[in-house]
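# Examination of the molecular architecture
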Amino acid sequence: MTGAVQPLVKRRDNVSHQVEITHLHFYIRDNYDFTSDAEPLGHWGRDGASRPPSSGKAFVENKSFREWRARHGRGGDFVVFSDVMTKHLKRPLVIFI
């Protein structure tokens, strides 16, 4: 959120600040944890991964990646974040706290 906080003169209802929100910000967070067994990860080889089969590459699923990771002590789960999308509010959202 983007906005401003303004202190108010002490009121009987104990409201002490006005918060005005002018923009909202959104992003998507996803994680890949390789937990299901049969999810295909493509065909992997020394020169990288590819979706279609290709010479010198092995078909890899989550289970085979976890086995490789356990044998070699490398690789891991990961988290992916999208870019941030900002939306300007036509009218600010005002909250009294």
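Read on for a plain summary of the structure. All values derive from a computational prediction rather than experimental measurement.

Calculation rules
Residues numbered from 1 in each chain as written. Predicted model: local features only at pLDDT ≥ 70, side-chain atom pairs only at ≥ 80, totals over all residues. Heavy atoms only, no water. Salt bridge = Lys/Arg side-chain N within 4 Å of Asp/Glu carboxyl O. Helix = DSSP H or I, 4+ residues; strand = E, 2+ residues; numbered from the N terminus. Buried < 20%, exposed > 50% of the residue type's maximum accessible area, 1.4 Å probe, protein only. Pairing = 2+ DSSP bridges. Axes fitted to C-alpha atoms, helices over the stretch in contact; angles between N-to-C directions.

Once that is clear, we can look at the pattern of salt bridges. A full pass over the atoms with the stated rule returns four salt bridges. Ionic pairing is found between Lys 57 and Asp 47, a salt bridge with its closest N-O pair at 3.7 Å. Residue Lys 57 is located in the loop between strand S5 (48-50) and strand S6 (58-61), and its partner Asp 47 is located in the loop between strand S4 (40-45) and S5; the two are separated by 10 residues in the primary sequence. By relative accessible area, which is 66% here, Asp 47 ends up exposed. For Arg 69, the salt bridge is made with Asp 77, and the minimal N-O distance between the two is 3.0 Å. A relative accessible area of 47% means that Asp 77 is categorised as partly exposed.

What follows deals with the sheet that holds strand S2 (residues 17-26). Read across the sheet, three strands follow the order S1-S2-S8 without closing on themselves; strand pairing throughout is antiparallel. Two strands close off the open sheet at either side, each with one partner strand: strand S1 (2-7) and strand S8 (85-96). Taking each pair of neighbouring strands and ignoring which way they run, the sheet shows an average axis angle of 15°. Bridge count for S1 against S2 is six bridges, and the pairing is antiparallel. Looking at S2, one finds that Ala 4 is bridged to Glu 20.

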